[in-house]
Amino acid sequence: ARLRNEWTARTLISLAPRYETSSGECSVYSCLNQFTQSELLTGSNKWVCDNCTKNRKKREDNEEDNKKPVYTNASKQFLIFFPPMVLTLHLKRFQQTLVGCRKLNKHVVFPLVLDLAPFCSSTSLAMSHMKLNQNKVLYSLYGVVEHSGRLQGGHYTAYVKVRPANTTSRDISTFFSPPLSRTSDIPRFLRDLQKKFQDWSDLEAASEAGSEDKTSIPKRWFHISDTNVSEVSEDKVLRSQAYLLFYERLL
């Protein structure tokens, strides 16, 4: 129980301070902030509390009542546990209404370099590819899918970033997702965190020695529409009505 409580407390803390949205902001950051916001479950959304149900069974002898689960108020929050090598963001461009579906054409601002740390759980530090002192989880944009037109008829096009031919190859095996985690894995994750605290000085030295600015690599963007391919500027990419965004891990 102590280990589970300690792990639960860590899961509710983000890796970096929460992102603060400005009034009227419509961006990938504001969307992620809303998606990972804490939500109170009350009324018909109350959570079935296993511990409360077990405690009532111990106190009461009524067999009929003991069969019923105990519902209680709870809070729910989504945070990222394992930041992936490739991050795909799907923006909701089609909305179901009472009279049917409609397309949402509002422009969503998206960055060339995305920091996912404010939306990651601090428990992600237990992963092998995360440094103990890491407070940034950076991703570089490399692809955008855009939908033009309406629901009745439209067209999909793409923007793709091409790397220079001499780009240094990276060992991406450390970013591969682990098998599905279970509650029984919590003690191991906590041991991994404790080991990282013990190896703090070694990690700090390795971080300084191996640091490099991967965001400074020259970028060339191309627009692809069926068989037509043309080079475009970054500004044109950032002005697009993104439907799908593809990011790759930098840090």
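All chains use their own residue numbering, which begins from 1 and follows the written sequence. Confidence filtering applies because this is a predicted model: local features only for residues at pLDDT of at least 70, side-chain atom pairs given and counted only at 80 or more, and all residues used for totals across whole chains, interfaces and linings. The side-chain values count all of the structure's non-hydrogen atoms but skip hydrogen atoms and water molecules.

Engineer: Just to check I follow, could you spell out the overall build of the protein for this structure?
Structural biologist: The helix and strand labels rest on DSSP assignments: H or I over at least four residues marks a helix, E over at least two residues marks a strand, and numbering proceeds from the N terminus. The secondary structure content of the protein amounts to 7 helices and 13 strands. Looking at the protein as a whole, 33% of its 251 residues qualify as buried. Whether two residues are in contact is decided by their heavy atoms, any of which lying within 4.5 Å being enough. Counted over contacts in the protein with a minimum sequence separation of 6, partners at least 24 positions apart contribute 76%. Only carbon and sulfur atoms are counted for the fraction: they give 53% of the accessible area of the protein, which is about 16,300 Å². Three labels apply to residues, based on accessible area from a 1.4 Å probe with only protein chains included: buried if under 20% of the type maximum, exposed if over 50%, partly exposed otherwise in between. Values of accessible area rely on a 1.4 Å probe in the Shrake-Rupley scheme; residue burial ignores everything except the protein chains shown.

Engineer: In this structure, what is going on with unusual backbone geometry? I would like to understand it.
Structural biologist: Phi is mostly negative for residues that are not glycine, and the peptide bonds are mostly trans. Of note in the backbone geometry, Asp-226 takes a positive phi value of approximately 55° without being a glycine. On the secondary structure map, Asp-226 appears in the loop between strand S11 (220–225) and strand S12 (228–232). Since its relative accessible area comes to 63%, Asp-226 is described here as exposed.

Engineer: Please clarify how the packing of aromatic side chains should be interpreted in this entry.
Structural biologist: Where two aromatic rings form a pair, the distance of their centres and the angle of their planes describe that pair. Only Phe, Tyr and Trp rings take part, Trp by its six-membered ring, and two of them pair if their centres are within 6.5 Å. Stacked means planes under 30 degrees apart, edge-to-face means over 60, and tilted covers everything else. Evaluated as defined, the whole model comprises 6 aromatic pairs. Between Tyr-142 and Phe-246, the aromatic rings sit 6.2 Å apart at their centres with planes inclined by 50°, giving tilted as the arrangement. Of the two residues, Tyr-142 is situated in strand S9 (residues 138–149) and Phe-246 in strand S13 (residues 242–249); the sequence distance between them amounts to 104 residues. Judged by relative accessible area, Phe-246 falls into the partly exposed class, the value being 22%. Put simply, the rings of Tyr-19, Tyr-29 and Phe-119 touch in pairs and so form one group of aromatic residues.

Engineer: Would you explain the environment of Lys-76 in this entry?
Structural biologist: Topologically, Lys-76 is positioned in strand S4 (residues 74–76). Judged by its relative accessible area of 32%, Lys-76 falls in the partly exposed class. Along the sequence, Lys-76 and Leu-41 sit 35 residues apart, while their C-alpha atoms lie 7.1 Å from each other. Beyond its immediate stretch of four places on either side in the chain, Lys-76 contacts Gln-37, Ser-38, Glu-39 and Leu-41.

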